[in-house]
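Each chain, letter by letter, is given below.
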Amino acid sequence: MERVVRFGPGESLTGVLTEPAEPRALPAVLLLDAGILHRVGPNRMNVELARRFAATGHRALRFDFAGIGDSPARTDGLALGEGVQRDIAAALDLVGGQAVVMGLCSGADNALRAAYRDPRVVGAALLDPTVFRTPGWYARRAMQKVTSDPFGALKQLAGRVRKEVAPPEAAPQENRPEMFYTGFQTREEVETHLSAVLARGVSLLYVFSGGWADIFNYPGQLQDNHPSLDLSPVRLHHHPEADHTFSRRAHREVLFAELGSWLAACSATAAGALPRA
Amino acid sequence: MTPFYFGPEERRLFGVLHRVPGSGRGVVLVPPFGQEALRSHRTLRILAESWARAGWNALRFDPYGTGDSAGDDLDVTLAGMASDARLAAAELAAATQARQLAVFGMRLGGLVALSAADAFKAVVLWEPLVDDDVRALGNAGYEHEGFRIAPELRRELRDYRLPTAGLPKRGLLVWNAAARGDRVTQALGGAVERLETRVVPAPPAWNEENDFGAGPIPAAVIDALASWRG
C-alpha cells in the first residue's frame, strides 16, 4: 500500500510511504535522492526497492529533499548540506523508531552523515559513496592500461617522464574526491564519520560499481583509505561490470538481492543490540 | 501543488494537481517514457506551475507502471497509457471547475496524448516521437536505457500510425528544430483544424545534462507553451 506523505516544516517535503500488508517490528527504510533526480531514483530503483522491502515487513519512505522533485525549495536559508540533514531528520520523525538509510552517489554521503548525526539510524547502505584513490588504485589502473593498450600506455609514460623533467605548472590534486563536490571533501572527514558510526554499532553496506572505476577499482581500497579503522564489520560488494546507476536489469537484480540480504541481517542486529524508540 | 493517488484500486495512479480556483480551463500532462521521463521531471513540474500561473488547472501524472504509480515497466502499453490519460482528465474535471480540457504530451507522451485526444478539446505536443524514432524504440529490444519494454508495447510501437481522425479542433505543436517535425506537422495539419506550429530552438529537456541524470529546463519552450491561448 502506498500513500503520499507531506511532512517537515510546513509540510513542505513530499514523499511516498510504502507500508507492508503485515507490519512487523522492523526498522523503516529511507531511500534518499541521488543527486538532483527525484524520489523514484535512477531507473526507478527506489520505487522497486520500497515495494520489495515492504514485502518483507519494512515501511519504506522515498522522498524529495527541499528543492528537488516535488518538494519546494527551502526558505530557511540553510546551506545545502545542512538542509539535507534537516530533511532526513524530518523523515526520521515521520517514520518513527529505528531506521535504515540508503543512497547512491551524493545520497550515499548523505546517508553516512545521517548515520553519524542521528542515533535512530541503525544501518546505512552506501552505493558509490565518496572514496579516495590509493597507490593500489593507481597500480591497478596502470596495469589495466598496459594490458588493454600497451602502445598508448607507453606514450602516456613518456609524457609523464617529460612532465617530470619540466616542472608542472600546478601541483596535482590527487587526493581530491572526484566526480561530485557536494559530498565529503577529505579522507579525514569521511574517517571521522565512519569511525563514530562503527563505534555506535551501525550496520554498514558499501557497494561500488564499475561506473566509479575512476576512483575505486578494487575491494580492499576502502580499508586502504582508512588503515587505522577496523572495517571487518562492514559488508562490501564491488560490481565492476555495472554502471553507476545499475542501469542493466540483471545488475539491478543482483544489487537488490544484496540490499535485501543486508537489510535482513541489519534488522536482526538492530533488534538485538539497540532499544526500539 | 497537491500530490495524490487516484484511479481504481487495481490501477492506482500518482498525480500532482496544480489547482487554479475558479478557472474553467485545465490541462493533463503526459510525460515521456523511461529515462526521458526521469530527466524531464523538473521541466514538467515547472511547465505545470507556469500553466497554473497562466490560469490553467494542471494535472501531472505517472501512467501505470511508471514513476510513483503502481505497476512496473512490463505493464506499460500505449493503450494503457492512453486510458490513464482519460482517467486523469476525469479526475481533473472532478477535482476542479475545469471543463475545457487540453492534453499535453512530450515525446512518447505525445503519442499517448494523440491516442487519448478524443477526451479533450485541444492537444498540445512537444517533440512527439516521429516515425523512425517510434520504430527504433519498438525495435530496441527487451531493455532500453534502464527500462524493460513490454512485448505488447514493442508491438504497438512497431505498428504505430499517426491518427488522422478523431482529433480535437485545436492544437499546438512545438519543435526544437524544424526539420524533424515536417512529416508530423503535415499529417496532423490535415486532422487538427486549427493546428499552430512553433519552432523554439532549445536543448531537449529529456536528454541528460552534465551526467546528472536530469535534463535541462528549456525556459523558452515553457514560455511558448504556457502563453498559448488555447
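What counts as what
- Residues numbered from 1 in each chain as written.
- Chains lettered and ligands numbered in written order.
- Predicted model: local features only at pLDDT ≥ 70, side-chain atom pairs only at ≥ 80, totals over all residues.
- Heavy atoms only, no water.
- Helix = DSSP H or I, 4+ residues; strand = E, 2+ residues; numbered from the N terminus.
- Rg over C-alpha atoms; globule rule 2.2 N^0.38 Å.
- Buried < 20%, exposed > 50% of the residue type's maximum accessible area, 1.4 Å probe, protein only.
- Contact = heavy atoms within 4.5 Å.
- Areas by Shrake-Rupley, 256 points an atom, 1.4 Å probe, with all protein chains shown as cover.
- Lys, Arg positive; Asp, Glu negative; His and termini not counted.
- Charge placed at Lys NZ, Arg CZ, Asp CG, Glu CD.
- Patch = residues over 30% accessible without salt bridge, like charges linked within 9 Å, V, L, I, M, F, W, Y side chains within 5 Å.
- Salt bridge = Lys/Arg side-chain N within 4 Å of Asp/Glu carboxyl O.
- Buried area = accessible area lost by both parts, 1.4 Å probe.
- Polar contact = N/O pair within 3.5 Å; in protein donor to acceptor, adjacent residues only side chain to side chain.
- Nonpolar A, V, L, I, M, F, W, Y, C, P; charged D, E, K, R; others polar.
- Pairing = 2+ DSSP bridges.
- Axes fitted to C-alpha atoms, helices over the stretch in contact; angles between N-to-C directions.
- Right-handed = clockwise from strand over helix to strand, strands pointing away.

Novice: In this structure, what is going on with the overall build of chain A? I would like to understand it.
Specialist: A tally of regular secondary structure across chain A gives eight helices and eight strands. For 277 residues, the compact-globule formula gives about 19 Å, and the C-alpha radius of gyration of chain A, at 20 Å, lands near that figure. Projected onto the principal axes, the alpha-carbon positions of chain A cover approximately 65 × 40 × 35 Å. For chain A, with 277 residues in total, the buried portion stands at 51%. In chain A, 74% of the contacts between residues at least 6 apart in sequence involve partners at least 24 apart. Carbon together with sulfur atoms contributes 58% to the accessible area of chain A, which is approximately 12,400 Å² in total. In chain A, which carries 30 positive and 30 negative side-chain charges, the distance between the mean positions of the two groups comes to 3 Å.

Novice: Would you explain the overall build of chain B in this entry?
Specialist: Across its full length, chain B holds eight helices and 10 strands. In terms of overall dimensions, chain B is globule-like: its C-alpha atoms have a radius of gyration of 16 Å, near the 17 Å expected for 230 residues. Principal axes of the C-alpha set define a box for chain B whose edges measure 45 × 40 × 40 Å. Looking at chain B residue by residue over its 230 residues, the buried ones come to 58%. Within chain B, residue pairs in contact and separated by at least 24 positions form 69% of the contacts whose partners lie at least 6 positions apart. Summed over all atoms, the accessible surface of chain B reaches about 8,800 Å², with 49% contributed by carbon and sulfur. In chain B, 26 side chains carry a positive charge and 28 a negative one; their mean positions are 7 Å apart.

Novice: When you look at helix α1 (residues 45-55) of chain A in this model, what are you seeing that I'm missing?
Specialist: Side chains of residues three or four places apart in an α-helix project in the same direction, reflecting 3.6 residues per turn. Residues and elements named next belong to chain A. Burial analysis of α1 places eight of its 11 residues in the buried class, the great majority of the element. Taken together, the buried positions of α1 are occupied by Met45, Asn46, Val47, Glu48, Leu49, Ala50, Phe53 and Ala54. One or two positions beyond α1, positive phi appears at Gly57, with a value near 100 degrees.

Novice: It is not clear to me how a nonpolar patch on the surface should be interpreted in this structure. Could you clarify?
Specialist: Residue and element names in this part refer to chain A. A cluster of nonpolar residues, Leu154, Leu157 and Val161, forms a patch on the protein surface that exposes about 300 Å² of accessible area. Tracing the chain through its elements places Val161 in helix α5 (residues 150-165). The class for Val161 is partly exposed, based on a relative accessible area of 47%.

Novice: Whenever I open this one, the interface of chain A and chain B confuses me. Can you help?
Specialist: How big an interface is tends to be expressed through the accessible area that disappears when the partners come together. Across the boundary between the two partners, chain A contributes 25 residues, which contact 30 residues of chain B. Taken over both partners, the interface formed by chain A and chain B buries close to 2,100 Å², and the fraction arising from carbon and sulfur atoms is 51%. In this assembly, chain A and chain B are joined by three salt bridges. Here Asp68(B) makes a salt bridge to Arg62(A), at a shortest N to O gap of 2.7 Å. Summed over the shared surface of chain A and chain B, the number is 15 residue pairs in polar contact (both at pLDDT 80 or more). If you list the elements that add at least two residues to the side of chain A that touches chain B, you get β1 (2-7), β2 (13-18), α1 and α8 (249-273) of chain A. Counting residues per element, the side of chain A that touches chain B draws most heavily on β1(A), at four residues. Taken together, the residues of the side of chain A that touches chain B sort by class into eight nonpolar, six polar and 11 charged.

Novice: Explanation requested: the sheet that holds β2(A) in the structure shown.
Specialist: Pairing between the strands of a sheet is mediated by backbone hydrogen bonds and can be parallel or antiparallel. Residues and elements named next belong to chain A. If you trace the eight strands from one edge of the open sheet to the other, you get β1-β2-β4-β3-β5-β6-β7-β8, paired in mixed fashion. This sheet does not close on itself; its edge strands, each paired only once, are β1 and β8 (235-239). Ignoring which end each strand starts from, the neighbouring axes of this sheet average 20 degrees apart. Inspection of the sheet shows β2 paired to strand β4 (residues 60-63) by four bridges, in the antiparallel sense. Paired with Gly15 across the two strands is Phe63, which belongs to β4.

Novice: In this structure, what is going on with the side chain of Arg154(B)? I would like to understand it.
Specialist: Residue and element names in this part refer to chain B. For Arg154, the location among the structural elements is in helix α6 (residues 151-158). We note that Arg154 is buried and unpaired, the nearest opposite charge coming from Glu143 at a distance of 9.8 Å. In terms of polar contacts, Arg154 uses its side chain to reach the backbone carbonyl oxygen of Ile149, at 2.8 Å. When sequence neighbours within four positions are dropped, the list of residues in contact with Arg154 reads Gly138, Gly141, Tyr142 and Ile149.

Novice: Explain the environment of Leu137(B) to me, please; I cannot follow it from the model alone.
Specialist: All names here are of chain B. Looking at the element boundaries, Leu137 is found in helix α5 (residues 131-138). Sequence-wise, Leu137 and Leu101 are 36 residues apart; in three dimensions their C-alpha atoms are separated by 29 Å. Contacts of Leu137, omitting those with residues within four sequence positions, involve Leu108, Leu129, His144, Ile149 and Leu157.

Novice: In this structure, what is going on with the pairing of strand β6 (residues 121-127) of chain A? I would like to understand it.
Specialist: Regular strands place their side chains on alternate faces of the sheet. Residue and element names in this part refer to chain A. Among the seven residues that make up β6, seven are buried, leaving the element largely enclosed by the rest of the structure. When strand β5 (residues 99-104) meets β6, the two strands line up parallel, connected through six bridges. When the sheet's bridge partners are listed, Met102 is paired in β6 with Ala125. In this fold, β5 hands off to helix α3 (residues 106-117), which returns the chain to β6; that crossover is right-handed.

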